[in-house]
Amino acid sequence: MTRLAQTGFSRRGLLGVFAATAAVAAPTYSNAFGLLRGAGDIRRIRMYSGRTGESMDTIYWIEGKYIKEVLVEINHFMRDWRTDDSMTMDPRTVDIMAASHRLLDVSEPFMLLSGYRSPRTNAMLRSKSSGVAKNSLHMKGQAADLRLKSRSVGQMARAAEACASGGVGRYSGSNFVHMDCGPVRHWGG
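Residues numbered from 1 in each chain as written. Predicted model: local features only at pLDDT ≥ 70, side-chain atom pairs only at ≥ 80, totals over all residues. Heavy atoms only, no water.

### Focus: the sheet that holds strand 8 (residues 185-188)
The condition that has to hold: In this scheme, strands are said to pair when DSSP sees at least two bridges between them. In this description a helix means any DSSP run of H or I spanning at least four residues, a strand means any run of E spanning at least two, and both kinds are numbered starting from the N terminus. Note on definitions: a residue-residue contact is assigned when non-hydrogen atoms from the two residues lie within 4.5 Å. The convention used is that axes are lines fitted to C-alpha atoms, helices contributing only their stretch in contact, and that angles between N-to-C directions extend from 0 to 180 degrees.
Pairing within the open sheet is mixed, and its eight strands lie in the order 3-2-1-4-5-7-6-8. This sheet does not close on itself; its edge strands, each paired only once, are strand 3 (65-66) and strand 8. This element, helix 2 (residues 68-77), spans strand 1 (42-48), strand 2 (55-62), strand 3 and strand 4 (110-114) of the sheet and lies at about 145° to strand 2. Each of strand 4, strand 5 (143-147), strand 6 (167-171), strand 7 (176-180) and strand 8 touches helix 5 (residues 153-162); the most contacted strand, strand 6, lies at about 175° to it.

Pasting the structure below:
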C-alpha cells in the first residue's frame with residue numbers, strides 16, 4: 001500500500017525504483033503520449049490534501065506500465081472528500097499532473113483541491129459558482145484542481161500547457177490551476 005504520510009516512499013515504490021534502475025542499461029521506449037515520450041522509465045506523483053490531511057508520494061508507472069495497485073490508491077486519494085465517493089481516475093490526468101510537476105522542477109507536492117467530484121458535489125458547487133461546468137470532467141475522473149505555494153498560477157498553467165495533452169484553466173483569483181485530459185484548450189487569467 002502506498003504510504004500516506006508527509007515523507008518517504010512505500011515499500012512497493014522502493015522495490016519499483018530498484019527494479020527500474022536495474023533495467024536502465026537496456027533501451028526502453030515509452031508508450032506514453034505527448035510530452036511524456038522519453039520522459040524516463042519512472043513516473044512519480046506527489047500530492048497532499050488540506051481537506052483530509054493525507055499525502056501521497058508514489059511511483060505509479062515503471063518501464064511503460066502503470067502499477068494497478070497504485071492507481072487504485074490514487075483513485076482513493078483523489079476521491080470526493082465531501083461524500084467519500086471515489087471513481088477510477090483517468091491515468092492520463094495523473095500523467096499530465098506528473099509531467100507538469102516535473103517541468104516546474106519543485107520538490108513541493110501539489111495541493112489537491114479537487115479530483116473526482118460526485119454529481120451531488122458538482123451540483124452544489126455549481127449552485128454557488130458560475131465557473132463550475134454542468135458536465136465537469138471532474139465527474140468523469142478526468143480532472144484535478146491543483147495549487148503550489150512556490151509557483152504562480154501562470155507558471156503552473158504554462159507547465160501544464162506545455163504538455164499539450166488536455167485542458168488547462170487558470171483561476172488566479174482562487175490561486176489554482178485546473179488540469180484535465182479532455183480536448184486541448186485553455187482558459188482563464
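### A short note on the side chain of D90
The residue D90 is located in the loop between helix 2 and helix 3 (91-104) in this model. Ignoring anything within four residues of it in the chain, the contact list for D90 reads G141, Q142 and C181.

### Remarks on helix 4 (residues 119-128)
The condition is simple: Residue burial is assigned from relative accessible area. The probe radius is 1.4 Å, only protein chains are included, and a residue is buried under 20% of its type maximum, exposed over 50%, and partly exposed in between. Each direction from the helix axis to a C-beta atom contributes to the arc, which is the arc of those directions.
When we look at burial in helix 4, the residues that qualify are T121, N122 and L125. Burial along helix 4 is one-sided: seen end-on, the buried residues are contained in an arc of 100°. Those residues of helix 4 that are exposed and angled more than 90 degrees off the buried face are P119, R120 and S127.

### Some remarks on the environment of H138
Definition in use: Polar contact is defined as a pair of N or O atoms within 3.5 Å, subject to the rule that within protein one atom must be able to donate a hydrogen and the other to accept it, and that residues adjacent in sequence are counted only when both atoms are side-chain atoms.
Inspection of the secondary structure puts H138 in the loop between helix 4 and strand 5. As a C-alpha pair, H138 and N122 span 16 residues in sequence and 8.3 Å in three-dimensional space. Setting aside chain neighbours within four positions, we find H138 in contact with S114, G115, Y116, R117, A143, A144, D145 and H178. At 3.2 Å, the side chain of H138 and the side chain of D145 are in polar contact.

### What about the nonpolar core?
Basically, it comes down to this: Take the buried residues of types Ala, Val, Leu, Ile, Met, Phe, Trp, Tyr and Cys, join any two whose side-chain atoms come within 4.5 Å, and each joined set is a nonpolar core.
Grouped together as the largest cluster of nonpolar side chains are 35 residues, with contacts concentrated most on Y60, I74, M78, M97 and M179. Those elements that place two or more of their residues in this core are strand 1, strand 2, helix 2, helix 3, strand 4, strand 5, helix 5 and strand 7. Once residues lying within four places of it in the same chain are set aside, the contact partners of Y60 are R43, R44, I45, K65, Y66, I67, V70, L71, I74, V94, D95 and A98.

### Describing the pairing of strand 4
Of all five residues in strand 4, four are buried, a share of seventy percent or more. By the bridge criterion, two bridges tie strand 1 to strand 4 in an arrangement that is parallel. Its bridge partner lying in strand 4, Y48 is registered against M111.

### Quick word on the pattern of salt bridges
Quick reminder of the rule: Each salt bridge in this description consists of a side-chain nitrogen of Lys or Arg and a carboxyl oxygen of Asp or Glu lying within 4 Å of one another.
By the definition in use, this model includes eight salt bridges. The shortest N-O distance in the salt bridge between R79 and D84 comes to 2.8 Å. On the accessibility criterion, R79 (10% relative accessible area) is buried. Connected through shared salt-bridge partners, E54, R79 and D84 make up one network.

### Concerning the packing of helix 3 against helix 5
Threshold: For this classification, under 35 degrees means roughly parallel, over 145 means roughly antiparallel, 65 to 115 means roughly perpendicular, and everything else is oblique. Handedness of a crossing is defined here by the sense of rotation of the near helix relative to the far one, left-handed for an anticlockwise turn of less than a right angle and right-handed for a clockwise turn. Under the convention adopted here, Pro, Cys and the residues Ala, Val, Leu, Ile, Met, Phe, Trp and Tyr are nonpolar, Asp, Glu, Lys and Arg are charged, and Gly plus all remaining residues are polar.
Contact geometry of helix 3 with helix 5 gives a least axis separation of 8 Å together with a crossing angle of 120°. As far as their axial angle goes, helix 5 and helix 3 are oblique. For the element pair helix 3 and helix 5, the recorded crossing hand is right-handed. Of the residues in helix 5, those in contact with S100, L103 and L104 of helix 3 are Q155, M156, A159, A160 and A162. By residue class, the composition of the contact of helix 3 with helix 5 is six nonpolar, two polar and no charged.

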